[in-house]
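What the coordinates show
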Amino acid sequence: MDALIVTDVQNDFCPGGALAVTDGDKIVPGINRALQAFPIRVFTQDWHPAGHSSFASAHPGYAPFDMIDMPYGPQVLWPDHCMQGTDGAAFHADLNVDPADMIVRKGFRPDIDSYSAFFENDHQTPTGLEGYLRSRGATRLTFVGLATDFCVSWSAVDAAKLGFETEVRLDLCRAIDLDGSYEAALADMRAVGVRLS
Ligand code: VGL
Ligand code: ZN
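Just so you know, these numbers come straight off a predicted model, no measurement behind them. (Residues numbered from 1 in each chain as written. Chains lettered and ligands numbered in written order. Predicted model: local features only at pLDDT ≥ 70, side-chain atom pairs only at ≥ 80, totals over all residues. Heavy atoms only, no water.)

**Some thoughts on the packing of helix H3 (residues 148-161) against helix H4 (residues 181-191)**
- Where H3 contacts H4, the two axes come as close as 10 Å, and the packing angle between them is 10°. As far as their axial angle goes, H4 and H3 are roughly parallel. Seen from H3, the contacting residues are Thr148, Asp149, Phe150, Ser153, Ala156 and Val157; seen from H4, they are Ser181, Tyr182, Ala185, Asp188 and Met189.
- By residue class, the composition of the contact of H3 with H4 is six nonpolar, three polar and two charged. (Axes fitted to C-alpha atoms, helices over the stretch in contact; angles between N-to-C directions. Helix = DSSP H or I, 4+ residues; strand = E, 2+ residues; numbered from the N terminus. Parallel < 35°, antiparallel > 145°, perpendicular 65-115°, else oblique. Contact = heavy atoms within 4.5 Å. Nonpolar A, V, L, I, M, F, W, Y, C, P; charged D, E, K, R; others polar.)

The following block contains the structure:
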C-alpha cells in the first residue's frame, strides 16, 4: 500500500518565514492534488521548544548556518524557527491538512534535532512513524515537501534503509541548498536506491 509523506510545509519554511525556502509555497497546490491519489497520508511538522539546541541563538558566539559539534555529531545551527504553537510552526494556510491520517511532530526534544521523520539526528531515537506505517500496511512511500536537502532527504534515506520502496517527487519539493547540500542530498538518496521523479 502507498503512503504520501508531506514534509514540513510550514509557514517558517515558506517565503516570509524565519527559515524561508525559495518558492517553498509553490508546491502547495500540487501537494493538495497529489494527496487524493494516496490511501495513506502522513504530514510532518517541525516542532521545536523555545531555546532549542538547533537554534544559533542558543549558542553564544554562533550565527545562523554555522556548524557545531553536538554529542550526536555535526549540526547546522538555524535561525529560530517552527517554535511550538507559533504561526511560523503552523502549516501553510493553503495546504489541505484535512486528508492527514496522522501528523508526526519532530524536533521537540530540547537537546537533539530531528530532520528525518523516522529517527532523530542521532539516527537512533525513533519517532514512531515506522511502526505506524507498518501497522497500516504501507510498503511504498512517496515524499514531498520542505526542504529537499534536509528533512525530505534524511527521511527518504531512512525510509529506503528501513526497506520501504521509496520515491521523492522533486517537483513537489524545494531545497535550502546550503554549501552544495542539494547535490549532496540527491547523491545520498540515489546511493540507497531512492527513486527521484
Ligand atoms: C528543516 C532545517 C531545520 C526541514 C527543519 O524541514 O528541512 N530544516 N529544521
Ligand atoms: Zn527545525
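**Description of the pattern of salt bridges**
- Applying the stated rule across the entire model yields nine salt bridges.
- A salt bridge links Asp23 to Lys26, with the shortest nitrogen-to-oxygen separation between them at 3.2 Å.
- On the basis of relative accessible area, Asp23 is assigned to the partly exposed category, the value being 32%.
- In this structure Lys26 comes out as exposed when scored by relative accessible area, which is 52%.
- Salt-bridge contacts for Asp171 lead to Arg169; the nearest nitrogen and oxygen are separated by 2.9 Å.
- Classification of Asp171 by relative accessible area gives partly exposed; the value is 41%.
- The network of salt bridges with shared partners includes Asp8, Asp46 and Lys106. (Salt bridge = Lys/Arg side-chain N within 4 Å of Asp/Glu carboxyl O. Buried < 20%, exposed > 50% of the residue type's maximum accessible area, 1.4 Å probe, protein only.)

**Here's the deal with the pairing of strand E2 (residues 40-46)**
- With seven of seven residues buried, E2 lies mostly within the body of the structure.
- Burial along E2 is two-sided: the residues Ile40, Val42, Thr44 and Asp46 and Arg41, Phe43 and Gln45 are all buried.
- In terms of handedness, the path from strand E1 (residues 2-7) via helix H1 (residues 28-35) over to E2 forms a crossover that is right-handed.
- Sheet analysis places E2 next to strand E5 (residues 102-106), joined by five bridges and oriented parallel. The residue bridging Val42 from the neighbouring strand is Met102, located in E5. (Right-handed = clockwise from strand over helix to strand, strands pointing away. Pairing = 2+ DSSP bridges.)

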